[in-house]
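# Structure at a glance
Read off the chains here:
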Amino acid sequence: MVTPYQLPKHMEPVPDVGESDFFEAAKAGRLLFKHCESCGRSHYYPRPLCPYCMSDNTRWVEAAGTGIVYTFSVTRRAGPVPYVIAYVTLDEGVTMMTNIVDCDLDTVHIGQKVRVVYKPTTGDIPIACFAPA
Amino acid sequence: MSMKGHAYIVGAYEHPLRLAPGKSVSQLHAECAKGALQDAGLNLGDVDGYFCAGDAPGIGPLNLIDYMGLKVRHMDTTDTGGSAYLVHVSHAVQAIAAGRCRVALITLAGRPRSEGSSGTVVRNFGLTPDRPYEVPYGPVTVNMYAMAAMRHMHEHGTTREQLAWIKVAASHHAQYNPHAVLRDVVTVQQVLDSPAIADPLHRMDCCVVSDGGGALVVVHPDIARSLKRPLITVLGAGEAQKGLVSQNIDLTTTGAAWSGVAAFAQAGVKPSDIQYASIYDSFTITVLLQLEDLGFCKKGEGGKFVADGNLIAGVGKLPINTDGGGLCNNHPANRGGMTKIIEAVRQLRGEAHPRVQVPNCGLALVQGTGGSIGTRHGSATLILERE
């Protein structure tokens, strides 16, 4: 079976107050996560206060953009086109929800190496998806 | 310390409708409340505590208290999704033991079927902090649980056939429930051949969407002994939240690993003592993960445990969801915890359908989840005993 990738209609992210840094970086094709200077741990999705220690001494780090598929699902009946929802663990150790794109969707597998690629949404902010590396 | 004897479940009612186009959510709540109070042999004026969750229209409990004409001195609107009603039972026992109320009413109702709800659309929970980082990727209910199933298959070799047995068991039970949405007995092959929704879950791995609701009445021991209903007590309870702190992603474990341990410890019993279990079955995988996390089998061995009819009443070692569960019977308001408790009460009273009744059922477990095991979810466990 072959399930070709088609671009779904991605709803634009709606940043909450104070969250513009991440999404401005996305417009420039840069994927950010947060690192806590107090406890030394990184996290995603990014919070102003570290979820491990509550410190507000967190800083942005740009990801290399490569990772591996932790899990995924070829979603066949939720909208006009099939798409692959996934969790990807970045090389830096944080895991993010994403889509796997630009491939035969039936070839996606756990442990697969992937690299970030940005896809357009219904608004100005693109989102970080991943294609086979 | 066990909660035994602090309070008793004396009223339980499941709304008979599964499609209710002509009834409001509020009316369904009120009809469920009336049914449970009648079942207990109590009246509107006896209620002095009210519990509801996010399915109740209005500001917490305020609008429905007004709508139903209640006069209460204790309110609790803890919302943990579909597991909330298990939490309410536990909190009601605590409130009664603390003298905060003597007759606690818990209601749930909804009409997602009439409103066209589906597990294949992105749900809107408002401006949650995670929303902008998840919603654009299309996280619908089904694919979130599908990702947990995919990972479990990868780590433990679980098969679609094994998952299908959970649906097969539900269908064997549902054939005896005249109110069930789906009453046909199905085979493993039929589950495998049903349409793929989100790999590896197919349509028959998913619960029904139904209108309706249910209600429970939990009372002080003095009142319970004045009524004519069997005495069902809570021996132990646990509640937990499991989320996604990003360095520790683990979609093959649910909050049952914590709420279950707490409930068993408080009850002073072990999984092998349980005669009947209601296990939340939003999807087949939900059941498998919770059975492992509750300790009915080891982590990773859920596939073998659920196969070959082991969950079918009269056939297997652990009969579950003898009303047909969410997979076949009912999933009102997209929140299955209430109906799970109700069927456990039926089993302990000896009021389940004779073909699925567990003989001399004296000890039952109820396990609920709510939210999404693919992101963040609530888990609650109750261990109930008939005195």
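Residues numbered from 1 in each chain as written. Chains lettered and ligands numbered in written order. Predicted model: local features only at pLDDT ≥ 70, side-chain atom pairs only at ≥ 80, totals over all residues. Heavy atoms only, no water.

### A look at the overall build of chain B
Check the secondary structure of chain B and you find 13 helices and 11 strands. In terms of overall size, chain B behaves like a compact globule, its C-alpha atoms giving a radius of gyration of 19 Å where 387 residues would be expected to give roughly 21 Å. In chain B, the proportion of contacts linking residues at least 24 apart, taken out of those at least 6 apart, comes to 75%. Within chain B, the 33 negative side-chain charges are centred at a point lying 3 Å from the centre of the 33 positive side-chain charges. (Helix = DSSP H or I, 4+ residues; strand = E, 2+ residues; numbered from the N terminus. Rg over C-alpha atoms; globule rule 2.2 N^0.38 Å. Contact = heavy atoms within 4.5 Å. Lys, Arg positive; Asp, Glu negative; His and termini not counted. Charge placed at Lys NZ, Arg CZ, Asp CG, Glu CD.)

### Considering the interface of chain A and chain B
Listed as interface residues are 41 residues of chain A and, on the opposing side, 39 residues of chain B. Summing both sides of the interface, chain A and chain B together bury roughly 3,500 Å²; the carbon and sulfur share of this comes to 59%. Its salt-bridge partner being Asp199 of chain B, residue Arg76 of chain A comes within 2.7 Å of it at the nearest N-O pair. On inspection of chain A and its partner chain B, the count reaches 17 residue pairs in polar contact (both at pLDDT 80 or more). Of all the elements in the fold, those that place two or more residues in the side of chain A that touches chain B are helix 1 (20-27), strand 2 (42-43), strand 4 (66-75), strand 5 (83-90), strand 6 (95-100) and strand 8 (127-132) of chain A. Among the elements that take part in the side of chain A that touches chain B, strand 4 of chain A stands out by supplying six residues, more than any other. (Buried area = accessible area lost by both parts, 1.4 Å probe. Salt bridge = Lys/Arg side-chain N within 4 Å of Asp/Glu carboxyl O. Polar contact = N/O pair within 3.5 Å; in protein donor to acceptor, adjacent residues only side chain to side chain.)

### Observations concerning the sheet that holds strand 1 (residues 8-14) of chain B
Residue and element names in this part refer to chain B. The nine strands lie next to each other as 3-2-4-7-1-8-11-10-9, forming an open sheet whose pairing is mixed. Both edges of this open sheet fall to strand 3 (74-76) and strand 9 (276-279), since each of them pairs with a single strand only. Sheet twist, expressed as the mean angle between neighbouring strand axes with direction ignored, is 20°. Where helix 9 (residues 256-267) meets the sheet, it contacts strand 8 (232-242), strand 10 (363-371) and strand 11 (377-386), and its direction lies at approximately 155° from that of strand 8. Along the sheet face, helix 13 (residues 337-349) touches strand 1, strand 4 (103-110), strand 7 (212-219), strand 8, strand 9, strand 10 and strand 11 and points at about 115° away from the line of strand 1. (Pairing = 2+ DSSP bridges. Axes fitted to C-alpha atoms, helices over the stretch in contact; angles between N-to-C directions.)

### A short note on the packing of helix 3 (residues 84-97) of chain B against helix 13 of chain B
Residue and element names in this part refer to chain B. At a closest axis distance of 6 Å, the pairing of helix 3 and helix 13 adopts a crossing angle of 60°. The orientation of helix 3 with respect to helix 13, classified from their angle, is oblique. Every residue of helix 13 that contacts helix 3 at Tyr85, Leu86 and Val89 is listed here: Gly337, Met338 and Ile341. Of the residues that constitute the contact of helix 3 with helix 13, the class distribution is five nonpolar, one polar and no charged. (Parallel < 35°, antiparallel > 145°, perpendicular 65-115°, else oblique. Nonpolar A, V, L, I, M, F, W, Y, C, P; charged D, E, K, R; others polar.)

### With respect to the state of the cysteines
By definition, a disulfide links the sulfur atoms of two cysteine residues through a covalent bond. Here the structure, examined in full by the defined rule, presents zero disulfides over all chains. Lacking any disulfide linkage, Cys50 of chain A is separated from the closest cysteine sulfur, that of Cys39 of chain A, by 3.8 Å. The thiol of Cys52 of chain B is not disulfide-bonded; the next cysteine sulfur, from Cys32 of chain B, is found 13 Å away. (Disulfide = S-S within 2.5 Å.)

### Regarding the sheet that holds strand 3 (residues 58-62) of chain A
Residue and element names in this part refer to chain A. Spatially, three strands are ordered 2-1-3 in an open sheet, and the strand pairing comes out antiparallel. The sheet is open, and its two borders are formed by strand 2 and strand 3, each paired with just one other strand. Where strand 1 (residues 32-36) lies against strand 3, five bridges are found, and the strand directions are antiparallel. Looking across to strand 3, one finds that His35 is bridged to Arg59.

### Topic: a nonpolar patch on the surface
Residues and elements named next belong to chain B. A contiguous nonpolar patch, built from Ile59, Leu62 and Met75 and spanning about 310 Å² of accessible area, is present on the exposed surface. The topology assignment puts Leu62 in helix 2 (residues 62-68). Overall, the relative accessible area of 47% leaves Leu62 in the partly exposed class. (Patch = residues over 30% accessible without salt bridge, like charges linked within 9 Å, V, L, I, M, F, W, Y side chains within 5 Å. Areas by Shrake-Rupley, 256 points an atom, 1.4 Å probe, with all protein chains shown as cover. Buried < 20%, exposed > 50% of the residue type's maximum accessible area, 1.4 Å probe, protein only.)

The values reported here are purely geometric and, on their own, carry no functional implication.
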